[in-house]
Amino acid sequence: MSAVSRLFDRFLGRGDWAVTVPTLDGPLLPNQGLEEAELFAGLTDADNLVRTEKGTLASSANRLMRFDADGKPEVTQEFPGEITALAHARGMTALAIDGKGVVIRGGLHDGREATGEEAGRLSCVTALTFLDSNTLLVANGSASLPASAWRRDLMQKNASGSVWRLDLKSGRLELIRDGLGWPAGIATTGSNRVYVTEAWRHRVLAIDLASKATVPVLEHLPAYPARIAPAFNAGYWLTFYSVRNQLVEFILREETFRKRMLAEVPEAYWMAPSLSSWRDYREPMQGSQLKQMNVLKPYAVTRSYGLVVHCDQNMKPLSSFHSRADGTVHGTLSACEADDDLLVASRGGSRIVRLAKVASGKRG
Amino acid sequence: MSDNIIELRGATKAFSRIPAFKNVDFDLRKGEIHALLGENGAGKSTLTKVMAGVFKLTEGKLFFDGKEVSFATPAEALRAGIAMVFQETNLVPAMTVAQNLYLGEEKMFNRLRGLYIQARQFLAGMGFQVDPTAQVSTLGAAHKQMVEIARAVHHKARVIIFDEPTATLTPEEKRHFFNLLQRLVKEGIAVVFITHALEEALAVADRITVMRDGEIVASGAAKGFTRASIVQAMVGRTLTETLHGEVKRIARPYGDKVLSVENLSCAGLVRNSSFSVFSGQVTGMFGLVGAGRTEMAKVVAGLLKRNIFHGGEVRLLGKSARYRVPRPAVRDGIVYVTEDRKFDGFFETMTAGENLQIGELTEASNPLSMVSMSRAKELAKQWGERLRLKQISDRARMIELSGGNQQKVVIAKSLIQQPKLVIFDEPTRGVDVGAIVEIHQLISDLADQGMAVVVISSYLPEILAVSDRILVVKRGRVVEEMMLSEATEERVMFAAVH
C-alpha cells in the first residue's frame, strides 16, 4: 500500500514529492538586520569565525587571520589548501585543510598533522569541535567531494556525509554517524548529546554519542543550515548557506534536467543555491519577486541570502537576522559572539559584520 | 396628530411564562432611523418581530399609525406597511431576483420577460445594480440584502425593520447601504435598525434605544449618546476590558511551530500560500472579504480539498497532514470554529447540551459511543458555567438562544475536543459587545494555556485587539506578517489593499 501511495505522491506532487518550501515567518521573519550591521572588517572568502583568548580567528581561503577588538587584521599563518573548518579550545586551534584532514596548532597537540587513513577519510571537513583536550568531533560533508564542492554535492543529491570522533593522541577515528546529507555544523551541549546540522535535509539532529541514537530537533527549515556556534545564554547561533526555493526543489526532482545541467552548464551558472549573486550577467537572475516589462519573473528566485538564527538550548528558533535578495551580506556561514556583540562572516559579501548588543539578550 | 407611526405601550412578550421583554414603551416616528441596541438576548429581535407580526404580544398594546392593531401573521403586517429584513435573508435561493421580488403576486400565466423588465426598472429606480435574471443563490450577501430591501419597498412598506443588516457587508457595501437608508427616509419611510456596530448607530441613526434584559434602559436622540454611554447602558457596567486594542499589550513569545502551511493552492481561491502558526500565541489573519482566508483555514481543517496536483503541504507538528473530511483533523487536534454558525455551526433544533455532546462524539475514538441525555446535561452545565451561557432553560433549543450564546456553544463544541490548534473564523460576527469581550478573553486564555490560536476577522480593531502577530491575506496569499508592536490599522489595511 505504501508503495502505491508513494507512486501516487510522486505523480501528484505531494508528500515526499511535494515541491514546497516552508516560509520564512515567525522568528524567521525577514528583516534587514545583517544589512544594517556595522562593518567589522573586509575579508575575501570570510569564514570560520572563532573567538579565542587573543582575539577573533577567521579564515580567508588558505590564510588564518586574527582580528583585534577593532577589526584590525593580522595573518597568523598560511596553509597549502583552503581552511574549511576551525575550532579553538584551551589554547589549541584545530584546522581542517580541504582534502588534507585536520591539523593542530598550539596547545597540547601542537604541530599534529593528519596522515594515512585519517587524511583520506576526513577529506571534506566542514565543522570541528573539541569534546575535550584529546578528542575532536569532526563533521565530514562528503565522502567523495571536497568542501568547496558543496553545490555539486547538493545538486548530485549525495548523502555520504559523516560525523567522526578523532582521538588526537592515538589518531584513532570512530564513526558516530554516516549517511548524512552534508553535515555542516557541529556543537556540544554539555551532555552526551551533540547537535549536527544536516544541510541538504534542512534539519538539525541531536546525536547521542554513547548510543549513537539520532533524533531531529529542528526540521523542515526554509534554508540550508551550516554551522552552529554556542551563544552566551545557553543557546546557539545557527548560520545558513542560503534559503530554499521551489525552483531548486523542482530541479532536484527533475532528474533529466538536473543531470543535463550538471553535465553541460558551468557550475557558476547553475540554478542552485549560491553564496553570492550578481557577479556575472550569465548567472540566473535573482530578485525574489523580480518584475520586468511588468511581468513577474517566477524564475528569478533568491539563490543567495544571508541568515543567522538565534536558537534556545533546545534548538527552538527565537529570532533571526537577514540579508535579503537585494542585499550583499550573503553566504553567512559562520558566526561567533564577541562580548555583547555577534560577529558574522559573510563569505559571499567578503566581509565580517558586527551586530551590536545582540548577544546576551542586551538587544537594542 | 401624533408623529409616531408605531407605538408600543406596556408591551410584554413571554415564552413559556418567561418574558423576552416586559412592560416596554417604544415609539417610532415617521421618516426617522431608529437604532435598537442591546446585548444578545436583550429582547431586540423579539420586540421587532412583534411589530412585524411574527409574534403576538402577551400583554400591552401595539399602535400602527395611531390605530391599535394586532397582526396575526407577517403577511398581514406587510399588507399594513411593516416589512422586516431579517439577519438571514428570507429569499428563495433557487428563484431569480425578479421572481423573489414578485413572490406571492404571481398571476395565472406569468410572462417572465415582462416580469424581468418590470424588475429591472424597479431596481434601477432604487439605484441597485442587481441583475433581475440572476438566481438568488449566486448572489453575495450585499446583493441579497438589496433584493430584500427592494421587496420591502415594492410592498409599499412605510416601516422597514432591519435586523443586523451590516453584519455580512464589506465596508464598501456598508456605505452603499447607509446611502440607501437616507434615501428611504427622504421618501418618508421609517427605519428600525438593529445593530451591534455602535459606531454605525451613532453615525446613521436619528434616535437610539438601548435594551437590556428585556427592558428599555435608555432612549433618546443619537446626539446625546457616546460610545461609552451606550456600552454602559447595554451591559450595565463599565467595560474595563478594552474592545478595540486601545490598551498596549505585550505580544506573547513564539512557542513551538504547530502548523506549517507550505505553498498551498486551492482552486483559484488560495494561491501558493505559506504561513506558520505557533503555540501559545494568537495569530490574527486579516484580509478583505474574498481574500481567501476562510478557504486556507478550511483546507487545513479538512473542510475543503487542496488542488490535486501540487496543491502544497500542510504540516501539523512537523508531520504531513492531509484530510479528506474534518473528523481526522479533529482527532489530530485541529478545530475550525465556523464563520457561519447558523448554517454549519450547530443543530438548531437540539439543545446546547446535545450540541456539545456531538462535539465530544466527533473526537471519540470508540465507534460505539452513544448519545446520553445525562451527559448532555452535564456538559451543558459544565460549559455553561465556564462560558457564562445564558439560556431560558436547559431544554431551550439552539434556535431560541441569542447570537452571542449560540456562538459560545459553537466555541464550546470545538474546545470540548481538546484541540492543539483552534481556528476562529469571524468569532464575534453578530455578537453583542458584552459577549465580544468574553469571547476575546476566552481566545486570550486559550493562548495563555499554550494552545495555538488563529483568529480570522474582517474587523481590523478586533484583529489588533486579540492578535500577537498578524498575517495579512490578499488574493489567496499571505502577503505580509507583522508583530503586534509594529501593526497599525493603516499598515495592515495598506498591506491588504495594495
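The text that follows walks through the structure, step by step, so that each part is easy to find. In this text, all values refer to a predicted model and were calculated from it rather than measured experimentally.

A short note on the sheet that holds strand β14 (residues 193-198) of chain A
All names here are of chain A.
Stage number 1. Strand order across the open sheet formed by 4 strands is β13-β14-β15-β16, with antiparallel pairing between neighbours. The open sheet has two free edges, formed respectively by β13 (183-188) and β16 (214-218), since each of these has just one partner strand. Adjacent strand axes in the sheet meet at a mean angle of 30° when their direction is disregarded.

Considerations on the pairing of β16(A)
Residues and elements named next belong to chain A.
Stage number 1. Across 4 bridges, strand β15 (residues 203-208) lies against β16 in antiparallel orientation. Across the sheet, Ala 206 pairs through a bridge with Val 215, a residue of β16.
Stage number 2. With antiparallel pairing between neighbouring strands as the criterion, β15 and β16 make up a hairpin whose turn holds 5 residues, including Lys 212 at a positive phi of roughly 65°.

A closer look at the pairing of strand β6 (residues 83-89) of chain A
Two faces make up the sheet, and in a regular strand the side chains alternate between them.
Residues and elements named next belong to chain A.
Stage number 1. Taken across its 7 residues, β6 has 6 buried, putting it largely inside the fold.
Stage number 2. Alignment of β6 against strand β7 (residues 92-97), held across 6 bridges, turns out to be antiparallel. Counterpart to His 88 in the pairing with β7 is Thr 93.
Stage number 3. Connecting β6 to the next strand, β7, in antiparallel fashion are 2 residues, including Arg 90 with a positive phi near 50°.

Section: the interface of chain B and chain A
Stage number 1. In this complex, chain B contributes 20 residues to the contact, which on the side of chain A involves 18 residues.
Stage number 2. Contributing elements (two or more residues each) for the side of chain B that touches chain A: β11 (257-266), β12 (270-278) and β14 (313-316) of chain B.
Stage number 3. Residues belonging to the side of chain B that touches chain A are distributed by class as follows: 5 nonpolar, 9 polar and 6 charged.

A look at the sheet that holds strand β17 (residues 421-425) of chain B
All names here are of chain B.
Stage number 1. Taken together, the 6 strands give an open sheet; going across it, the order is β16-β17-β18-β13-β19-β20, and neighbouring strands pair in mixed fashion. Of all strands in the sheet, those bounded by a partner on one side alone are β16 (334-337) and β20 (477-483). Put simply, the sheet's adjacent strands are angled 20° from each other on average, direction ignored.
Stage number 2. Pairing geometry for β17 and strand β18 (residues 452-457), over 5 bridges, is parallel. Within the sheet, the bridge partner assigned to Ile 423 lies in β18 and is Val 454.
Stage number 3. Against the sheet, helix α15 (residues 433-448) contacts β13 (281-287), β17 and β18, and its axis sits at roughly 150° relative to β18.

Here is what the cut-offs are and how they apply
- Residues numbered from 1 in each chain as written.
- Chains lettered and ligands numbered in written order.
- Predicted model: local features only at pLDDT ≥ 70, side-chain atom pairs only at ≥ 80, totals over all residues.
- Pairing = 2+ DSSP bridges.
- Helix = DSSP H or I, 4+ residues; strand = E, 2+ residues; numbered from the N terminus.
- Axes fitted to C-alpha atoms, helices over the stretch in contact; angles between N-to-C directions.
- Buried ≥ 20, exposed ≤ 12 C-beta atoms within 10 Å, placed from the backbone.
- Contact = placed C-beta atoms within 7 Å.
- Nonpolar A, V, L, I, M, F, W, Y, C, P; charged D, E, K, R; others polar.

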